[in-house]
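Given next are the chains, with one letter for each unit.
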Amino acid sequence: MAHDHTVTGDFSRSWSALLAAVAGVADEDFDQPSGCRGWLVRDLVCHLVIDAQDVLITLVTPAGTGPTADATTYWDLVEPPTGDDPLDALIPRLAAAYGDPALLKFHLDDVGSAAGRAAGLADPAALVSTKDKVLTAGDYLSAYVLEWTLHHLDLVARLPSAPRPPAQTLAVARTALERIAGAKFPAELSDTDALLTGTGRRTPTAGEAAALGGLAARLPLVLG
């Protein structure tokens, strides 16, 4: 099968892989910690439902002006979360309210499939508005490849048998993070290690820190 290297191809591949990984998580593993600090797997899945809703809403929110951002500047670099953000605080309560993991899986599959279809139907050149920014639908979907890949790594952080993100998705996400950083991660770091250490999901080892050099002082890059 030839790989589709278009923006919608990358979005679809990263999102489909993440949805499939969630669908395969055993019910008892919903109470495992995720790679997102303070969030269980079920909290992360609940966050993905809200992310999928955001994608659906944004793709049908036309913009009245020209672009003010692209796939790189869509992300703001923010301070690490303190837990004070009302939406962040709401997520664990919302996730717990689902009770049965099957309900949460069903809701994500439902909204997530719709978001995937909407992305496939979107005109990449159309202008959309979100987070007080205007960008092309193509750039918006491109930005989400990084989000999906990081959250896929979060999902499987404590689930050794769960499928990892596709290699091509990891490579695309690494390139995106390098654009945001304005610097390349050293070649000796795998795509996964570059993403985990680059976003503060894991502390670099002494060897990695040495390889990162001056870039290490600028980490983590926390995306908001």
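Before going into details, it helps to say that this report is about the structure given with it. (Residues numbered from 1 in each chain as written. Predicted model: local features only at pLDDT ≥ 70, side-chain atom pairs only at ≥ 80, totals over all residues. Heavy atoms only, no water.)

**With respect to the overall build of the protein**
Put simply, the rule is: The helix and strand labels rest on DSSP assignments: H or I over at least four residues marks a helix, E over at least two residues marks a strand, and numbering proceeds from the N terminus. The globule rule used here is 2.2 Å times the number of residues to the 0.38 power, and the radius of gyration it is set against is calculated over C-alpha atoms. When a residue's accessible area, from a 1.4 Å probe over protein chains only, is under 20% of the maximum for its type it is buried; when over 50% it is exposed; and in between it is partly exposed.
Helix and strand counts for the protein come out as 8 helices and 2 strands. Along the chain direction, N to C, the helices and strands of the protein fall in the order α-α-α-α-β-β-α-α-α-α. Here the protein has a C-alpha radius of gyration of 17 Å; the compact-globule value for 224 residues is 17 Å, and the two agree. Among the 224 residues that make up the protein, the fraction classed as buried is 43%.

**Notes on the packing of helix α6 (residues 167-181) against helix α7 (residues 191-198)**
Here is the rule: Angles shown run from 0 to 180 degrees and are taken between the N-to-C directions of axes, each axis being a line fitted to C-alpha atoms and, for helices, limited to the stretch in contact. Between 65 and 115 degrees an angle is taken as roughly perpendicular, under 35 as roughly parallel, over 145 as roughly antiparallel, and anywhere else as oblique. Each crossing gets its hand from how the near helix is turned against the far one by less than a right angle, where anticlockwise is left-handed and clockwise is right-handed. Contacts are residue-level and defined by heavy atoms, with any inter-residue pair within 4.5 Å sufficient. We call Asp, Glu, Lys and Arg charged. Ala, Val, Leu, Ile, Met, Phe, Trp, Tyr, Cys and Pro are nonpolar, and the rest, Gly among them, are polar.
Their axes nearest at 9 Å, the elements α6 and α7 cross at an angle of 45°. In terms of their interaxial angle, α6 and α7 are classed as oblique. You can see that α6 and α7 cross each other, and the crossing is left-handed. Here Ala167, Leu170, Ala171, Ala173, Arg174 and Leu177 of α6 lie close against α7, whose contacting residues are Asp191, Thr192, Ala194, Leu195 and Gly198. Within the contact of α6 with α7, the residues separate by chemical class into 7 nonpolar, 2 polar and 2 charged.

**Quick look at a nonpolar patch on the surface**
The cut-off we apply is this: Here a patch means residues that are over 30% exposed by relative accessible area and free of salt bridges, tied together within 9 Å if like-charged and within 5 Å if nonpolar (Val, Leu, Ile, Met, Phe, Trp, Tyr). Here the accessible surface of atoms and residues is derived via Shrake-Rupley with a 1.4 Å probe, and residues count as covered only by protein chains that are part of the display. By convention in these notes, a salt bridge is any Lys or Arg side-chain nitrogen within 4 Å of a carboxyl oxygen on Asp or Glu.
Residues Leu87, Leu90 and Leu94 make up a contiguous nonpolar surface patch of about 220 Å² in total accessible area. Considering the arrangement of structural elements, one finds leucine 90 in helix α3 (residues 86-98). What makes leucine 90 partly exposed here is its relative accessible area of 33%.

**Brief notes about α3**
Selection rule: By this rule, a helix spans an expected 1.5 Å times one less than how many residues it contains.
An ideal rise of 1.5 Å per residue puts 18 Å on 13 residues; α3 measures up with 19 Å between its terminal C-alpha atoms. Residues Ile91, Ala95 and Tyr98 constitute the buried set of α3. Where α3 is buried, its residues touch α2 (41-59) and α4 (101-121). With its phi angle positive at about 70°, glycine 99 sits one or two positions after the end of α3.

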